[in-house]
Every structure is written in C-alpha cells, then in structure tokens.
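# Commentary on secondary and tertiary structure
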Amino acid sequence: MEEEEEVKSEFLESVIQWEFDWEGRKAKLPVFYYDNTALTAIYTASTAAVRGLLPHPAMRPIELYPGRCLAAFTAFEYRDTDIDPYNEFSISFPVTFDRPQIPGVTIGLQMARRCYSAYVWQLPVTTEIARVGGMEMYGYPKFIADIEFTRDPGWVTCDLSEGGKRILSLRGKALPTSRGKVVRFVTYSIKDGIPLVANVYQNPIEYAQSQRGQAAELRLGRDHPIAQKLMGIRLSQSPLMYQFSPVNEAILFAARNLKDH
C-alpha cells in the first residue's frame, strides 16, 4: 500500500520548498510551521535607548510619537515544524532600514498593509537545530534557553529563563478568537557585519487582539543581562496592543543580502 501524502493547507500549498542536506539531515527551505501558538505584546520604549541596541546605523526605530518607539515581545510554541517541535521567544524592535520613518504614520501604514518590519534583537530557542540554523542561515541572535508555556483558566503564560536566571514572563489572556488575515513580517538581522533580510508569513487560523492594557502583562527578571538591558529602555507600564493566536501556520523564507531585497 502506498504511503499517503501529507495534506497541507492552501496557505502552505502555494509555496514550493527545496530540499538539501544540512547538518547530517534533510532540510527544507522555506521552513514550514504547521501548527503553532503565538502571543505578542507590543510596548512603547525610549527611542534613544533602543537606538543604542541597534547594530546598524541605517536602522531607524519606528516611533508612535517623537521620543517613544515600539518594542515587541512574542512567545512561540511550535508544535509541528520542518525542524521538529520547539519553543522560541522573540524580542524585536520595529524599524525602517535606510529610509525615514514618520512618528505614528509609518506604523499606521504597516498595520493597514499587514506588513511589519523589525530588527530581531534576541531570539532564544529550546533546541540546538533551531539555534544553529537560525544563526548560520539567518544571522539571528539565538541561544538555548528554557521557554515554558503554562495555561490557566483564561490565561496563557510563557516563562523565559537561562541558566536558572529569569529573563522575563509574558502573560496574556486567552481571548475569544476568529479567523485572522495573513500577515507578513520583514525581519532584519546582522551576520558577519552584513545586514540580512528575511520574510515570515503567518496565517492566523484562530486570532484575537486587544488594546486593553490589562489583557497582557510583562514581568522582567532582575539578574539576567537581557532583563537588565530591557529595564534600561524604559518600557511603558502596559502594552499598547496584545495579539493572541492559539492556532496558526507560518512560513519562514530564506534570508538574503539586503542588496537583494
């Protein structure tokens, strides 16, 4: 009897993958993420402080209003992927690259187009293949960390720590969801001093968002260097926006030189 082929969604079927040998196993690009949970909290931060964390002078923080830019915290639980299950936590700063930004206007245009651009500042993961692949192929600042999800009635919490030191905890409401629209994320990173760009498309099968400050909560640790740096960017007390997607698919396309963007 012939083995049945894996059935993919229309979202994934619209993209061709290429197979190649990497690290002693078969790999695919772009990388498909078949079944995931994601929760995001977006805060405001000091533009001057965030600018000090950016690795390239052409990166310009996108501001909500002069002096206050944006910082995005996203917890990912990848249950089924081309590189096996793993968890990930993204700390990113929305930026433009080598082009001006207009406070309030640039982020509004990105929201209208459902296309966001950001520098990925930290991207801890729970598996070695995700760490090595992300660093070698994308230049993402990845490291192995403990990333644990817990679910209480009405809430989802992600705890991020490394070496026994807590970095942060992100807690968000399990909001009632509906079907969301596909979103594109343009991620910037640096590898060997060279800026790279990569596209991520997310298909939120179940999605909700809230602008109520009490819908999510971010708690920073005290001793970890990342937590200390986050204290220095003077985050707002409550999130500007919270996004909850308990079921989604995603496609991570190959990174390329910015000149090829």
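Now for a look at the structure at hand. (Residues numbered from 1 in each chain as written. Predicted model: local features only at pLDDT ≥ 70, side-chain atom pairs only at ≥ 80, totals over all residues. Heavy atoms only, no water.)

### Regarding the environment of Pro239
Stated formally: Counting from the N terminus, the helices are the DSSP runs of H or I reaching at least four residues and the strands are the DSSP runs of E reaching at least two. For each residue, the accessible area found with a 1.4 Å probe, counting protein chains only, is set against the maximum for its type, and the residue is called buried under 20%, exposed over 50%, and partly exposed in between. The criterion used for residue contact is that any of the two residues' heavy atoms lie within 4.5 Å.
Mapped onto the fold, Pro239 is located in the loop between helix H5 (225-231) and strand S15 (241-252). Taking relative accessible area as the criterion, Pro239 reaches 6% and is therefore assigned buried. Considering only alpha carbons, one finds Pro239 and Pro195, 44 residues apart in sequence, at a separation of 29 Å. Residues within four places of Pro239 in sequence aside, it is in contact with Ala41, Ile42, Tyr43, Gly213 and Ala216.

### A short note on helix H3 (residues 105-113)
Two residues of an α-helix separated by three or four positions point the same way, owing to the 3.6 residues in each turn. The condition is simple: By definition, the arc is the one covered by directions from the helix axis to the C-beta atoms.
Among all positions in H3, only Thr106, Ile107 and Gln110 are buried. Projected down its long axis, H3 shows its buried positions confined to an angular sector of 95°, all on one face. Tucked inside the fold, the buried residues of H3 contact strand S5 (63-65), strand S6 (68-81), strand S7 (86-97) and strand S8 (115-122). One or two residues past the end of H3 sits Arg114, with phi positive at roughly 55°.

### Section: the nonpolar core
Across soluble globular proteins, nonpolar side chains show a tendency to be buried alongside one another. Condition: For our purposes a nonpolar core is just a set of buried Ala, Val, Leu, Ile, Met, Phe, Trp, Tyr and Cys residues, chained together by side-chain atoms within 4.5 Å.
Ranked by internal contacts, the top residues of the largest apolar core, which has 45 residues, are Phe73, Phe89, Ile91, Phe93, Leu168, Tyr188 and Leu230. Top contributing element to this core by residue count: S7, with five residues. Sequence-distant contacts of Phe93, that is, excluding residues within four places in its chain, are made with Val50, Leu53, Leu54, Leu70, Ala71, Ala118, Tyr119, Trp121 and Ile233.

### Here's the deal with the state of the cysteines
As a reminder of what qualifies: For this text, the term disulfide refers to a pair of cysteine sulfurs within 2.5 Å.
Under the defined criterion, the tally for this structure stands at zero disulfides. Left without a disulfide partner, Cys69 is nearest to the cysteine sulfur of Cys115, which lies 19 Å away.

### With respect to the packing of aromatic side chains
For clarity, the threshold we go by: Between rings of Phe, Tyr and Trp, where Trp is taken as its six-membered ring, a pair exists when centres lie within 6.5 Å; planes separated by under 30 degrees are stacked, by over 60 edge-to-face, and by other angles tilted. Two limits define a charge over a ring: the Lys NZ or Arg CZ must be within 6 Å of the ring centre, and within 35 degrees of the ring normal.
Under the counting rule described, the total for this entry stands at 11 aromatic pairs. Considering the side-chain rings of Tyr138 and Tyr140, the 5.3 Å spacing of their centres and the 5° angle between planes classify their relative orientation as stacked. Members of the aromatic cluster, each reached through a chain of ring pairs, are Tyr33, Phe76, Tyr78 and Tyr86. One Lys or Arg, Arg171, reaches over the ring of Trp155 and ends 3.7 Å from the middle of that ring.

### A word on unusual backbone geometry
The amide bond that connects Leu29 to the next residue, Pro30, takes the cis arrangement and shows omega of -10°. Structurally, the position occupied by Pro30 is in the loop between strand S2 (25-29) and strand S3 (31-46). Unlike most non-glycine residues, Asp98 shows phi in positive territory, near 60°. Position of Asp98 relative to the elements: it lies in the loop between S7 and H3. Taking relative accessible area as the criterion, Asp98 reaches 58% and is therefore assigned exposed.

### Looking at the side chain of Asn203
Relative to the assigned elements, Asn203 resides in strand S13 (residues 194-210). On the accessibility criterion, Asn203 (5% relative accessible area) is buried. Other than its neighbours up to four places away in sequence, Asn203 contacts Phe11, Arg179, Val182, Asn248 and Glu249.

### Some points on the environment of Arg25
Along the polypeptide, Arg25 turns up in strand S2. Residue classification places Arg25 among the partly exposed residues on the basis of a relative accessible area of 28%. Taking C-alpha positions, Arg25 is 12 Å from Gly133, a pair spaced 108 residues apart along the chain. Residue contacts for Arg25: discarding those within four places in its chain leaves Phe20, Asp82, Ile83, Asp84 and Ile129.

### Considerations on the environment of Tyr188
Note that Tyr188 resides in strand S12 (residues 183-191). For the pair formed by Tyr188 and Phe97, sequence separation is 91 residues and the distance between their alpha carbons is 8.5 Å.

### Concerning the sheet that holds strand S11 (residues 165-173)
Formally: Here, any two strands with at least 2 DSSP bridges between them count as paired. Note on geometry: axes are lines fitted to C-alpha atoms, helical ones only across the stretch in contact, with angles between N-to-C directions running from 0 to 180 degrees.
In spatial order, the strands read S9-S10-S11-S14; together these four strands make up an open sheet with antiparallel pairing. The sheet is open, and its two edges are formed by strand S9 (146-152) and strand S14 (216-220), each paired on a single side. Each strand axis lies, on average, 15° off the axis of its neighbour in the sheet, ignoring direction.

### Observations regarding the pairing of strand S10 (residues 155-162)
Across the eight residues that make up S10, a large majority, six, are buried. When S9 meets S10, the two strands line up antiparallel, connected through seven bridges. Considered in S10, the bridge of Ile147 is made with Leu160. Where S9 folds back on S10, the antiparallel hairpin that results is connected by two residues, among which Gly154 adopts a positive phi of roughly 85°. Direction of pairing for S10 relative to S11: antiparallel, over a ladder of eight bridges. Its bridge partner lying in S11, Leu160 is registered against Leu168. The turn linking S10 back onto S11 is made up of two residues, and Gly163 within it adopts a positive phi angle of 60°.

Nothing here speaks to function; it is geometry throughout.
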